[in-house]
Amino acid sequence: MNKRKVYIFLGFSFAYLAGMFSSDIKSYFIKEVYSTEYGNLVFKCDQAMREHFIAKQVVAAKPNAEHASSLMQAEIALIDCQDYDLARKKLLSFGLNEYDLIELSLRAIEEKSEDIRKVVEIHEIRYD
């Protein structure tokens, strides 16, 4: 075997291996770059939805101007969910899949939660 054939074989071998792992490497870098931003948007949207749900329940139980104003403010805060949705779509267009986004969400919850009680607090809906 001459040197040229060895170089060609090594080149094809490297290209084959790089192709096998390229999507994993790409996903890893995309997740690392956007994990903090996406995690913050997950929390903001979750909070906005919870506040909106509670405000709707309060207005239904005790309709008055103050509660109606709180509901309108909660509806405006749902803009955070629009930002979250746009970020999801951007990450999906970059090649991440639903499982990657779930992983990013769970990582954000774990990073921001010191114990399981905090995780429950973040996701529970309370009636005031």
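See the structure shown above.
Residues numbered from 1 in each chain as written. Predicted model: local features only at pLDDT ≥ 70, side-chain atom pairs only at ≥ 80, totals over all residues. Heavy atoms only, no water.

Caption draft 1: Highlighting the overall build of the protein. Check the secondary structure of the protein and you find five helices and zero strands. Written out in order from the N terminus, the α and β elements of the protein read α-α-α-α-α. Across the 128 residues of the protein, 27% fall into the buried class. Within the protein, contacts between residues separated by at least 24 positions form 71% of all contacts whose residues are at least 6 apart in sequence. Of the roughly 9,400 Å² of accessible surface on the protein, a fraction of 61% belongs to carbon and sulfur atoms. (Helix = DSSP H or I, 4+ residues; strand = E, 2+ residues; numbered from the N terminus. Buried < 20%, exposed > 50% of the residue type's maximum accessible area, 1.4 Å probe, protein only. Contact = heavy atoms within 4.5 Å. Areas by Shrake-Rupley, 256 points an atom, 1.4 Å probe, with all protein chains shown as cover.)

Caption draft 2: Representation of helix H3 (residues 79-93) within the structure. For H3, with 15 residues, the first-to-last C-alpha span of 21 Å sits near the 21 Å given by 1.5 Å per residue. Every buried residue of H3 is listed here: Cys 81, Ala 87, Arg 88 and Leu 91. Here the buried residues of H3 occupy an arc of 120° about the axis, which is enough to place them on one side. In H3, the exposed positions that point more than 90 degrees away from the buried face belong to Ile 79, Lys 89 and Ser 93. Backbone geometry just after H3 places Gly 95 at a positive phi near 115°. (Expected span 1.5 Å × (residues − 1). Arc of directions from axis to C-beta.)

Caption draft 3: The side chain of Asp 100, seen in detail. Along the chain, Asp 100 turns up in helix H4 (residues 98-112). Excluding anything up to four places from it in sequence, Asp 100 contacts Ser 27 and Lys 31.

Caption draft 4: Representation of the packing of aromatic side chains in the model. Going through the model one piece at a time under the given rule, you end up with three aromatic pairs. Each ring, one from Tyr 28 and one from Phe 29, has its centre 5.5 Å from the other, and the planes form 70°; the classification is edge-to-face. (Phe/Tyr/Trp six-rings, centres within 6.5 Å; stacked < 30°, edge-to-face > 60°.)

Caption draft 5: Quick peek at H4. Taking 1.5 Å per residue, 15 residues should reach 21 Å; H4 reaches 21 Å between its end C-alpha atoms and fits that length. Every buried residue belonging to H4 is among Asp 100, Leu 101, Leu 104, Ser 105, Ala 108 and Ile 109, and all of these are buried. Where H4 starts, the residue carrying a side-chain oxygen 2.9 Å from the main-chain nitrogen of Tyr 99 turns out to be Asn 97. (Polar contact = N/O pair within 3.5 Å; in protein donor to acceptor, adjacent residues only side chain to side chain.)

Caption draft 6: Examining the pattern of salt bridges more closely. For the coordinates displayed, the defined rule picks out seven salt bridges. Among the charged side chains, a network of salt bridges with common partners joins Lys 31, Glu 32, Asp 100, Glu 103 and Arg 107. (Salt bridge = Lys/Arg side-chain N within 4 Å of Asp/Glu carboxyl O.)

Caption draft 7: Representation of the nonpolar core. Residues Ile 30, Tyr 34, Tyr 38, Leu 41, Val 42, Ala 87, Leu 91, Leu 96, Leu 101 and Leu 104 constitute the largest nonpolar core, which totals 10 residues. Those elements that place two or more of their residues in this core are helix H1 (3-61), H3 and H4. Counting residues per element, this core draws most heavily on H1, which supplies five residues. Residues within four places of Leu 104 in sequence aside, it is in contact with Lys 31, Ser 35, Tyr 38, Leu 91 and Leu 96. (Core = buried A, V, L, I, M, F, W, Y, C linked by side-chain atoms within 4.5 Å.)

This is a description of form; function is not addressed.
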